[in-house]
Amino acid sequence: MSESFLQRAMVPVASRDNAAATTAALAPYVDAAGGTVVVLHVIEKAGGALDKASVEQRELAAREIFAVVSDGLEDAEAPLETEIRYGTDVAETIVDAAHDVDASAIVFTPRTGSRWKKLLSGDVTHKLLDASDVPILVLPDRPVGDA
């Protein structure tokens, strides 16, 4: 893997499970790259409709997600930054954040979910791959060779 992709890696995480999977996949590469990891959590706004939870509840959840990443990268020497963004389009918000922090790449593991759920709710991964002009690095959510 090219270490330049990880010089300033934007790592979007959506949940505690996603943060754990992404951190486990990223950890073996972080120290070799000698870069910075910028962990991003997007709080999706409902765009005029009522939000599912209060901003305070969602920010608390984001801090818990960041703690999972921090714990998972505790042995890494790479600096870790965290950022919360708000937006109605998660993929667009991720790309905008990557530009704002001058990310070398957006690095993530895809979230699991049924194809129907992705079709009905809109697949953030697909939108991100389609819309990003920042390099994308998709890591497997399990060791290579595992079924």
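First, a word on what this report is: a plain description of the structure on this page.

What counts and what doesn't
Residues numbered from 1 in each chain as written. Predicted model: local features only at pLDDT ≥ 70, side-chain atom pairs only at ≥ 80, totals over all residues. Heavy atoms only, no water. Core = buried A, V, L, I, M, F, W, Y, C linked by side-chain atoms within 4.5 Å. Buried < 20%, exposed > 50% of the residue type's maximum accessible area, 1.4 Å probe, protein only. Helix = DSSP H or I, 4+ residues; strand = E, 2+ residues; numbered from the N terminus. Contact = heavy atoms within 4.5 Å. Polar contact = N/O pair within 3.5 Å; in protein donor to acceptor, adjacent residues only side chain to side chain.

Next up on the list: the nonpolar core. Counting 22 residues, the largest nonpolar core has Leu-6, Val-11, Val-13, Leu-26, Val-37 and Val-107 as its most contacted members. For this core, the elements supplying multiple residues, two or more each, are strand E1 (8–12), helix H1 (16–33), strand E2 (36–44), helix H2 (55–72) and strand E4 (105–108). Excluding residues that lie within four positions of it along the chain, Val-107 makes contacts with Leu-6, Ala-9, Met-10, Val-11, Pro-12, Thr-22, Leu-26, Leu-137 and Leu-139. The next biggest cluster of nonpolar side chains, apart from the first, holds 16 residues, and it includes Met-10, Ala-91, Leu-128 and Val-134.

A negative phi angle characterises most non-glycine residues, just as the trans form characterises most peptide bonds. Of note in this structure, Asp-102 is not a glycine but carries a positive phi near 55°. Within the secondary structure layout, Asp-102 lies in the loop between helix H3 (90–100) and E4. A relative accessible area of 62% means that Asp-102 is categorised as exposed.

In this section: H3. For H3, every residue scored as buried is listed here: Val-90, Ala-91, Thr-93, Ile-94, Val-95, Ala-97 and Ala-98. Taken together, the buried residues of H3 touch E1, E2, strand E3 (80–87), E4 and helix H5 (124–131). Measuring from the side-chain oxygen of the N-cap residue of H3 to the backbone nitrogen of Ala-91 gives 3.2 Å; that N-cap residue is Asp-89. With its phi angle positive at about 55°, Asp-102 sits one or two positions after the end of H3.

Let us look at the side chain of Thr-93. Take Thr-93: it is sitting in helix H3. Taking the relative accessible area as the measure of exposure, Thr-93 reaches 10% and is therefore buried. Those residues in contact with Thr-93, other than ones at most four positions away along the chain, are Val-42, Arg-85, Tyr-86 and Gly-87.

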